[in-house]
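A structural walkthrough
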Amino acid sequence: MTTARPLIGVSTYLEADARWRVWELEAVLLPAGYPRLVQRAGGLAAMLPPDAPEHAAATVARLDGLVIAGGPDVEPARYGATPDPRTGPPARARDAWELALIQAALTARIPLLGICRGMQLLNVALGGTLVQHIDGHAELPGVFGHHPVKPVPGTVYGDLAPEETPVPTYHHQAVDRLGQGLLPSAYAADGTVEAVELPGPHWVLGVQWHPEMGEDLRVMRALVKAAADV
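Residues numbered from 1 in each chain as written. Predicted model: local features only at pLDDT ≥ 70, side-chain atom pairs only at ≥ 80, totals over all residues. Heavy atoms only, no water.

1. What to know about the layout of surface pockets
In plain terms, the rule: Each cavity reported here is a set of points on a 1 Å grid over the protein atoms alone in which a 1.4 Å probe fits but cannot get out, each pocket an open set with protein on both sides within 12 Å along at least five of seven lines, and each lining residue one with an atom within 4 Å of a point. Grid points are joined across faces, edges and corners, and a volume is the space filled by probe spheres set on the points. The nonpolar class holds Ala, Val, Leu, Ile, Met, Phe, Trp, Tyr, Cys and Pro. Asp, Glu, Lys and Arg form the charged class, and all remaining residues, Gly among them, are polar.
Considered as a void within the structure, the largest pocket measures approximately 520 Å³ in volume. Along its surface, the largest pocket is lined by 28 residues, and Gly71, Asp73, Tyr170, His171 and His172 are the ones closest to its centre. In terms of residue class, the lining of the largest pocket is made up of eleven nonpolar, twelve polar and five charged. Reported here for the second largest pocket is a volume of approximately 220 Å³.

Below is the structure:
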């Protein structure tokens, strides 16, 4: 008898003018690294394009685990701030949908992983704020950099990766005030919070880097394992 792989939903981009082959159309997009990472970690990946927020709870009810993927800057109005000139244009439909997914996952106690933007949105969903621009965590446009992150001992992430680890990174915003209940579980050398988690009976972790661009499966394997245990 084959054991079913946990179904892991992954949020997506919604782009107005994507181009491929002979086509230039509005498209739902997800870099292939995300589903491949889920698959390599033992899960079954499902894309979750932006939808009406009122459908989030029913969507999450069909899943074993949830990933909020990286992407554009969170609109500063979501955390009560005025846009910095360096903050990118808002992606309001995606913000609304992913915030609803996060709240539904927290309510249903479905394992949740936020990646880059996803970690920032998790922080905002719990009442936290963001720094709208930092230097040194993104190189050239479209080019991932690497830097080490240091885990906090005794945390979920610290138990997964107890050593200082180089990670693929591409972001210019970061966590400022932590959301309610969140604990930092990794830092960069400059003090930037690189991972957060929500202590409690269910698995909730955010990482500022992009595990889908590397070879380290530990974070995704932990999500898939938690999803299998739900």
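Next comes the rest of the write-up.
2. Re the pattern of salt bridges
One side chain can pair with another of opposite charge once the charged atoms of both are near each other. Heads up, the rule is: What makes a salt bridge here is a side-chain nitrogen of Lys or Arg within 4 Å of a carboxyl oxygen of Asp or Glu, nothing more. The helix count covers DSSP runs of H or I at least four residues long, the strand count covers runs of E at least two residues long, and both are numbered beginning at the N terminus. In this scheme, a residue with accessible area under 20% of its type's maximum is buried, one over 50% is exposed, and one in between is partly exposed, where area comes from a 1.4 Å probe on protein chains only.
Taken as a whole, this structure holds ten salt bridges when the rule is applied. Of the charged contacts in the structure, one is a salt bridge between arginine 92 and glutamate 75, with a shortest N-O distance of 3.0 Å. Remark: glutamate 75 occurs in the loop between strand S5 (65-68) and helix H3 (92-108) and arginine 92 occurs in helix H3; sequence separation between them is 17 residues. A salt bridge links arginine 218 to glutamate 163; the shortest N-O distance between them is 2.9 Å. Placement of the pair is arginine 218 in helix H6 (residues 218-229) and glutamate 163 in the loop between helix H5 (156-160) and strand S9 (165-169), with a sequence separation of 55 residues. Its relative accessible area of 28% is what places arginine 218 among the partly exposed residues. Here the salt bridges share partners, and the residues they tie into one network are Arg94, Asp95, Glu98 and Arg117.

3. Overview of the sheet that holds strand S6 (residues 112-115)
How we decide: In short, DSSP must find at least two bridges between two strands for them to pair. Lines fitted to the C-alpha atoms define the axes, with helices restricted to the stretch that makes contact. Angles between their N-to-C directions range from 0 to 180 degrees. Only heavy atoms enter the contact rule, under which two residues are in contact if any of them lie within 4.5 Å.
Reading across the sheet, the nine strands line up as S4-S1-S5-S6-S13-S12-S11-S8-S9 and stay open at both edges, with mixed pairing between neighbours. Whereas interior strands pair on both sides, the edge strands pair on one side only; in this sheet they are strand S4 (44-48) and S9. Adjacent strand axes in the sheet meet at a mean angle of 25°, parallel and antiparallel pairs treated alike. Relative to strand S12 (residues 193-197), strand S11 (residues 183-188) is paired through four bridges, and the arrangement is antiparallel. Residue pairing in the sheet places alanine 186 in a bridge with alanine 195 of S12. Across the sheet, H3 touches strand S1 (7-11), S4, S5, S6 and strand S13 (204-207), and the angle it forms with S5 is around 150°.

4. Points about the packing of aromatic side chains
Threshold: Side-chain rings of Phe, Tyr and Trp, where Trp is taken by its six-membered ring, are said to pair if the distance between their centres is within 6.5 Å; with planes under 30 degrees apart they count as stacked, over 60 as edge-to-face, and otherwise as tilted. By definition here, charges over rings are those cases where NZ of Lys or CZ of Arg is within 6 Å of the ring centre and within 35 degrees of the ring normal.
According to the stated counting rule, one finds two aromatic pairs in the structure shown. Ring centres of tyrosine 157 and tryptophan 209 lie 5.3 Å apart, and the angle between their planes is 65°; on these two criteria the pair is classed as edge-to-face. Taken together, the residues tyrosine 157 in helix H5 and tryptophan 209 in the loop between S13 and H6 connect sequence positions 52 residues apart. A single burial state applies to tyrosine 157 and to tryptophan 209, both of which are buried. Positioned above the aromatic ring of tyrosine 13, the side-chain terminus of arginine 94 is 4.7 Å from the ring centre.

5. A look at unusual backbone geometry
A positive phi angle is found at arginine 109, which is not glycine, with a value near 60°. Along the chain, arginine 109 turns up in the loop between H3 and S6. Despite not being glycine, cysteine 116 has its phi angle at roughly 55°, a positive value. Classification of cysteine 116 by relative accessible area gives buried; the value is 5%.

6. Topic: H6
Our working rule: In this analysis, the expected span of each helix is defined as 1.5 Å times one less than the number of residues it contains.
With twelve residues, H6 should cover 16 Å at 1.5 Å per step; its first-to-last C-alpha distance of 17 Å lies within 8% of that length. Residues of H6 that are buried include every one of Val219, Met220, Ala222, Leu223, Val224, Ala226 and Ala227, and no others. At its buried positions, H6 is contacted by S1, helix H1 (33-40), S5, S6, H5 and S13.

7. Here's the deal with the environment of asparagine 123
Defined as follows: We define a polar contact as two N or O atoms separated by no more than 3.5 Å, with the added condition that, inside protein, one atom must be a possible hydrogen donor and the other a possible acceptor, whereas residues neighbouring each other in sequence contribute only through side-chain atom pairs.
Its place among the elements puts asparagine 123 in helix H4 (residues 117-125). Sequence separation of asparagine 123 and glycine 136 is 13 residues, and the distance between their C-alpha atoms is 21 Å. Not counting the four nearest positions on each side in its chain, asparagine 123 is found in contact with Gly128, Thr129, Leu130, Val175, Arg177, Leu178, Gly179 and Leu182. One polar contact links the side chain of asparagine 123 to the main-chain carbonyl oxygen of arginine 177, over a distance of 3.1 Å.

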